[in-house]
Amino acid sequence: MLHLIQSDLYKLRKAKSFWICIIVAVVLSSVMMFFLDFTYKAMGNVQSQAQADEQMLQENGVNISMGNLPANHDDLSASALLLSQFASNTSILMAVFLSLFVGSEFTHGTMKNLASKNFSRTQIYLSKLIVGIGASFFLTLLSVAASTTVATALWGFGDVSSSMKSTLIKGSLIELLLIAAFASLFIMFSMLVRQNGASLATNICVLEFVSLFIMIGEMLFKKLFGKTVTLSDYLLSMNMNEVATNTLTGKLMTRSILVGIFFLVVSTCIGLYTFNKRDIK
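These lines cover the structure that appears in this document, whether it is placed above or below.

### Examining the overall build of the chain
Right, on to step 1. Along the chain, the regular secondary structure elements total 11 helices and zero strands.
Right, on to step 2. If you list the helices and strands of the chain from N to C, you get α-α-α-α-α-α-α-α-α-α-α.
Right, on to step 3. Residues classed as buried in the chain amount to 43% of the 281 residues present.
Right, on to step 4. Taking as baseline every contact in the chain between residues at least 6 positions apart, the subset at least 24 positions apart corresponds to 82%.

Next comes the structure, spelled out in structure tokens:
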């Protein structure tokens, strides 16, 4: 097992797609801080506009929260925006490099060679999962570090009380759990599809359109029946956004942790089962 993990780490280090995604994540997260600085200077009170937009969306049955945004430019600080950086642009970049990382194993015949050697399929799958989650953590934390550095240069880090420090630590750990669940989901679909392009397309569609369809369904249900359903509360992306931008209550933490564990365990079990049952061509 350790040999498999070392081999996958070596392949990941040699993969150009991984390093390109890291560069893109760092650049985008850094540029976003300059964009926020410009937006707050141009718009003034951003929070009031965001709250008005949130109310309008919720009245139409869209379950979405704009969170506790800084009210104006003077309230901006690196610490105030730190958690929001976990839910910025890393998920789609994870989908890209994990799809290519796993899909290329099938495309190049590497997976078939591994399965023919003295390694169980469970070991092969878990090795990909462990390395994929570790790589996702690395990309995310590097992106957060870059954006925090730029934000500190622009507005300062800000005062951090003991309660806020606890919130940042808890929120960061929950975000990492949700990121691990996303990685597990992307690896599962890549193992099911087994082709570079198709894996990439599938993972991006899952990431971008599932939440959209559920939110549209909630809105239609509200219009047709006058009742609000909140299925989106149990989406990974929604929980990432809420942990990043809302007050970290016990209810929110419990729900996010359970959602993360559910997706992590279920996607791993499905991936392991199908990988063990299907032939590798």
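There is more to say after this.
### So, the packing of helix α1 (residues 2-14) against helix α5 (residues 90-107)
Two packed helices can be described by the angle between their axes and the distance between those axes.
Right, on to step 1. Between α1 and α5, whose axes approach to 11 Å, the crossing angle comes to 120 degrees. Judged by the inter-axis angle, α1 sits oblique to α5. Remark: the crossing between α1 and α5 carries right-handed chirality. Contacts between α1 and α5 involve Asp8, Lys11 and Leu12 on the former and, on the latter, Phe97, Phe101 and Glu105.
Right, on to step 2. When its residues are assigned to classes, the contact of α1 with α5 shows three nonpolar, no polar and three charged.

### Here we look at the side chain of Ser184
Right, on to step 1. Looking at the secondary structure, you find Ser184 in helix α8 (residues 162-193).
Right, on to step 2. Since its relative accessible area comes to 0%, Ser184 is described here as buried.
Right, on to step 3. One polar contact links the side chain of Ser184 to the main-chain carbonyl oxygen of Leu264, over a distance of 3.4 Å.
Right, on to step 4. Not counting residues within four places of it along the chain, the set of residues in contact with Ser184 comprises Tyr125, Leu129, Phe263, Leu264, Ser267 and Thr268.

### Regarding the packing of aromatic side chains
Right, on to step 1. This structure, assessed with the given rule, holds seven aromatic pairs.
Right, on to step 2. Both rings, one in Tyr125 and one in Phe275, keep their centres 6.2 Å apart while their planes meet at 45 degrees; by these two values the pair is tilted. Taken together, the residues span a long stretch of sequence, with Tyr125 in helix α7 (residues 121-155) and Phe275 in helix α11 (residues 250-277) at a distance of 150 residues. The pair formed by Tyr125 and Phe275 is uniform in burial state, with each residue classed as buried.
Right, on to step 3. Ring centres 6.3 Å apart and planes at 25 degrees place the aromatic pair Phe209 and Phe213 in the stacked group. On the criterion of helical spacing, the pair formed by Phe209 and Phe213 is a turn pair, its members being four residues apart in helix α9 (residues 196-225).
Right, on to step 4. Taken together, the ring pairs in this structure connect Phe18, Trp19, Phe97 and Phe138 into an aromatic cluster.

Each value, and the rule that gives it
- Residues numbered from 1 in each chain as written.
- Predicted model: local features only at pLDDT ≥ 70, side-chain atom pairs only at ≥ 80, totals over all residues.
- Heavy atoms only, no water.
- Helix = DSSP H or I, 4+ residues; strand = E, 2+ residues; numbered from the N terminus.
- Buried < 20%, exposed > 50% of the residue type's maximum accessible area, 1.4 Å probe, protein only.
- Contact = heavy atoms within 4.5 Å.
- Axes fitted to C-alpha atoms, helices over the stretch in contact; angles between N-to-C directions.
- Parallel < 35°, antiparallel > 145°, perpendicular 65-115°, else oblique.
- Left-handed = near helix turned anticlockwise from the far one by under 90°.
- Nonpolar A, V, L, I, M, F, W, Y, C, P; charged D, E, K, R; others polar.
- Polar contact = N/O pair within 3.5 Å; in protein donor to acceptor, adjacent residues only side chain to side chain.
- Phe/Tyr/Trp six-rings, centres within 6.5 Å; stacked < 30°, edge-to-face > 60°.

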